[in-house]
Amino acid sequence: MERHQITGHTELIGLMAYPIRHSQSPATHNAAYEKLGLDIVNLAFEVDADDLEDAIKGLRALKLRGSNISMPNKTIVHKYLDEVSPAAKLCGAVNTIVNKDGYLIGHNTDGIGYVQSLKDNGIDPTGKKVTIVGSGGAATAVQIQSALDGVAEMSIFARDDKFKDNAIETVKKINENTNCKAVFYPLEDLDRLKEEMASSYLFTNATGVGMKPLEGITYIPDASFFRPDLIVTDVVYSPHETAMLKMARKAGCKTMNGQGMMLFQAIAAIELMLGQRVDSEYMKEKLG
Ligand code: NAD
């Protein structure tokens, strides 16, 4: 592995999460800094909720340029920041901290990453109706950002579990804060799901269904839920093609997995922290 020449000038950006050692994020960010010719390194720090306040104090004291934030810290880190962006506030989660001369601003680029990956694939839901399944962190970010960016109508489905109230709250926030008209439906109502999908431009799975330990599984009963001009996307990036995407592709739908969302949320975070945008085609090639 070729190593960045670290000197007295080298700056640091962190990633604070637990567990963290499996994360691809530092490799993505370091590749981007190298491409942009920046003397910065990105390191993963094993920080959980108990250590977070001290870690943010450390970030300030050590004058880090910023930090990426992942679970379990996304929903609590706002307490230790000076400002939170409107989208991050609506999502109730921060995944990026920007240090502007000691003033810490929290952002959420997960939803931005999803919307940019749609654009990158020539998909534009502006002014259209979408159906999105999910009530967790990824779903909330995708739903809030899509509404902020001009989706006209959104049908949100979620199963009856500990996350369900989150989806109901998201519907309320979207209706109160954006021009999008959102409606909540229980995922158990599969007839309704089929109807809402039939009148949508875009359908998205924003749950962990399709990824380990739920790999090979989908809540879509059969291919009659899809029609060839429905665009079908998944936030899951591993496997590259979930059971749901496979069924949709076979039904003739244009499909997109979660890899683009992951890449573009990183590109957006780098742009917020450093004011420079790395070439997405280079990053796709570099990261395989
Ligand atoms: P989370 O734990 O916050 O939420 C889990 C969601 O899955 C909830 O809505 C829950 O109701 C739903 N769910 C779980 N089991 C289900 C089942 N059997 N049937 C129906 N719904 C079920 O998780 P999260 O952080 O929102 O992550 C969800 C998925 O999104 C994961 O696969 C994760 O890898 C992926 N993700 C992708 C990106 C990206 O950049 N592409 C970013 C974040 C998360």
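These notes cover the structure that comes with them. Here the structure is a predicted model, which means the values were calculated and not measured.

Here we look at the sheet that holds strand E5 (residues 96-100)
Taken together, 6 strands build an open sheet; the order of strands is E2-E1-E3-E5-E6-E4 and the sheet is mixed. Edge positions in the open sheet fall to strand E2 (40-46) and strand E4 (83-84), since each of these has one partner strand only. Of the strand pairs in this sheet, strand E3 (residues 66-69) and E5 are connected by 3 bridges, and their pairing is antiparallel. The partner of Asn-68 across the bridge, within E5, is Thr-96. Sheet strands touched by helix H2 (residues 49-62): strand E1 (11-17), E3, E5 and strand E6 (103-107). Its angle to E1, the strand with the most contacts, is close to 170 degrees.

Topic: unusual backbone geometry
Residue Pro-213 follows Lys-212 across a cis peptide bond; omega there is 5 degrees. Tracing the backbone through its elements, the reader meets Pro-213 in strand E11 (residues 209-215). A cis geometry characterises the amide bond from Ser-238 onward to Pro-239, with omega recorded as 5 degrees. Tracing the backbone shows Pro-239 in the loop between strand E12 (231-234) and helix H8 (243-250). Phi is positive for Lys-63, which is not a glycine, with a value near 55 degrees. Along the chain, Lys-63 falls in the loop between H2 and E3. Accessibility expressed as a relative area gives 62% for Lys-63, which makes it exposed.

Things to note about the site of the ligand
Surveying the vicinity of the ligand reveals 20 residues, the closest of which are Ser-135, Ala-138, Asp-161, Met-211 and Gly-258. Contact between the ligand and Gly-137: an oxygen atom at 3.0 Å from a main-chain N or O atom of the residue. For the ligand, an oxygen atom lies 2.8 Å from a polar atom in the backbone of Ala-138. Across the complex, the protein chains shield 77% of the 850 Å² of accessible surface that the ligand would expose by itself. Those elements that provide at least two residues to the shell around the ligand are helix H5 (137-148), E11 and helix H9 (259-274). Of all the elements, E11 adds the most residues to the shell around the ligand, at 3 residues. Within the shell around the ligand, the residues separate by chemical class into 11 nonpolar, 7 polar and 2 charged.

Some details on the packing of aromatic side chains
Considering all chains together, one arrives at 1 aromatic pair under this definition. Here the basic side chain of Lys-128 rests over the ring of Tyr-201, its NZ or CZ set 4.3 Å away from the ring centre.

Here's the deal with the pattern of salt bridges
Here the structure, examined in full by the defined rule, presents 14 salt bridges. A salt bridge links Arg-65 to Glu-11, with the shortest nitrogen-to-oxygen separation between them at 2.7 Å. Of the two residues, Arg-65 sits in the loop between H2 and E3 while Glu-11 sits in strand E1, which places them 54 residues apart along the sequence. With relative accessibility at 26%, the residue Arg-65 sits in the partly exposed group. Note on Glu-11: relative accessible area 30%, which makes it partly exposed. The salt bridge involving Arg-159 is made with Asp-161; its shortest N-O contact spans 2.8 Å. Since its relative accessible area comes to 52%, Arg-159 is described here as exposed. A residue is classified by how much of its surface remains accessible, and Asp-161, at 24% relative accessible area, is partly exposed. Overlapping salt bridges bring together Lys-129, Arg-192, Glu-195 and Glu-196 as one network.

What counts and what doesn't
- Residues numbered from 1 in each chain as written.
- Predicted model: local features only at pLDDT ≥ 70, side-chain atom pairs only at ≥ 80, totals over all residues.
- Heavy atoms only, no water.
- Pairing = 2+ DSSP bridges.
- Helix = DSSP H or I, 4+ residues; strand = E, 2+ residues; numbered from the N terminus.
- Contact = heavy atoms within 4.5 Å.
- Axes fitted to C-alpha atoms, helices over the stretch in contact; angles between N-to-C directions.
- Buried < 20%, exposed > 50% of the residue type's maximum accessible area, 1.4 Å probe, protein only.
- Near = heavy atom within 4 Å.
- Polar contact = N/O pair within 3.5 Å; in protein donor to acceptor, adjacent residues only side chain to side chain.
- Areas by Shrake-Rupley, 256 points an atom, 1.4 Å probe, with all protein chains shown as cover.
- Nonpolar A, V, L, I, M, F, W, Y, C, P; charged D, E, K, R; others polar.
- Phe/Tyr/Trp six-rings, centres within 6.5 Å; stacked < 30°, edge-to-face > 60°.
- Lys NZ or Arg CZ within 6 Å of the ring centre and 35° of its normal.
- Salt bridge = Lys/Arg side-chain N within 4 Å of Asp/Glu carboxyl O.

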